[in-house]
Amino acid sequence: MASYWRKKQKTDANVTSVIIVVAHVFLERKPMAGLFQNDFLLCWKDLNNCIVLSIGTRSMSGIFTNHDINEIFSYYIPSLERMGYHIDHRQIHLMGLSNGGSAIVATMHSSHAKDFKSLTSISCNLGGLRKVPCRINLIGGGQDHSSRLMPSQASRLSKMGVHTVLFFVPEENHYVLVNRRNEIIEFLKQEMNLTCVRE
């Protein structure tokens, strides 16, 4: 299984960190995957004091399953903690980008939905919506076939009683994260209420 993470500039043993898990495509064997993944992680560099962990699927399908969600808690987070990182288990966020949105759907239907503070779907269609106890952030563009249903999905989730926030630009395409990076980072900082705890 492949994963990449962006380390904080300085590791402070007295600070308990927020962790953001980003699910996006199959990472191994993909041409220039390392270069792409480095650029991808740099996209999140302004989410201060966070550990950003990017995970890929176990096959070329690009589809995440309950098994992948379970591994966040049984493998990835324990591995980071063994490396000396202090994770705030009350502030674990999951983002799904493009096909990574399948990780959001898998989480909605797993017992781990309660373990995330927020789920964020970027440029993807969420089928099988379900009520969850965490916040939902939807980010997309109206010219993107994968995310054009987001306004109606946000409305459906809100009617279910799920705290749902929508960042939607009608003229944007599948690359809304690239095209609107600064706006999206500010949106996420506000909606995810990112804070580090000093012990």
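As the structure is a computational prediction, the values presented were derived from the model and not from experiment. (Residues numbered from 1 in each chain as written. Predicted model: local features only at pLDDT ≥ 70, side-chain atom pairs only at ≥ 80, totals over all residues. Heavy atoms only, no water.)

Moving on: helix H2 (residues 66-82). Between its terminal C-alpha atoms H2 stretches 24 Å, which fits the 24 Å expected from 17 residues at 1.5 Å a residue. Gly84 occupies a position one or two residues after H2 and carries a positive phi of about 105°. (Helix = DSSP H or I, 4+ residues; strand = E, 2+ residues; numbered from the N terminus. Expected span 1.5 Å × (residues − 1).)

In a regular helix each residue adds 1.5 Å, so 12 residues correspond to 16 Å; helix H6 (residues 181-192) covers 16 Å between its end C-alpha atoms and thus fits that length. Residues Arg181, Ile184, Ile185, Phe187, Leu188, Glu191 and Met192 constitute the buried set of H6. Each buried residue of H6 sits inside an arc of 160° when the element is viewed along its axis, so together they form one side. Exposed side chains of H6 directed beyond 90 degrees from the buried face belong to Asn182 and Gln190. Positive phi shows up at Asn193, right after H6, with a value of about 50°. (Buried < 20%, exposed > 50% of the residue type's maximum accessible area, 1.4 Å probe, protein only. Arc of directions from axis to C-beta.)

Here the focus is the nonpolar core. Core analysis: the largest hydrophobic core is formed by 35 residues, its most contacted members being Ile19, Ile72, Leu94 and Met108. Within the residue set of this core, elements represented by two or more residues are strand S2 (15-23), strand S3 (50-55), H2, strand S4 (87-97), helix H3 (101-108), strand S6 (135-141) and helix H4 (150-159). The dominant element in this core, judged by the number of residues it contributes, is H2, at six residues. Once residues lying within four places of it in the same chain are set aside, the contact partners of Leu94 are Val21, Ile69, Ile72, Ala103, Ile104, Thr107, Phe116, Ser118, Leu119 and Thr120. Counting residues in each nonpolar core, the second largest holds 21 residues, with Met95, Leu97, Ile122 and Val169 among its members. (Core = buried A, V, L, I, M, F, W, Y, C linked by side-chain atoms within 4.5 Å. Contact = heavy atoms within 4.5 Å.)

So, about the confidence of the model for the chain. Confidence along the chain averages 82 in pLDDT terms, with 78% of residues attaining 70 or more. Every residue in residues 27-36 is under pLDDT 50, and counting partners more than four places away or in other chains gives 13 contacts. (pLDDT = per-residue confidence, 0-100.)

Pairs may arise between side chains of opposite charge once their charged atoms sit close together. Evaluation of the coordinates by the stated rule reveals seven salt bridges. Between Glu191 and Arg135 there is a salt bridge; the shortest N-O distance is 2.9 Å. Placement of Glu191 in helix H6 and of Arg135 in strand S6 is noted, with a sequence separation of 56 residues between them. Put simply, Arg180 and Glu171 hold a salt bridge, and the shortest N to O gap is 3.4 Å. Given the relative accessible area of 55%, Glu171 is considered exposed. Where salt bridges share partners, they join Glu171, Glu172, Arg180 and Glu183 into one cluster. (Salt bridge = Lys/Arg side-chain N within 4 Å of Asp/Glu carboxyl O.)

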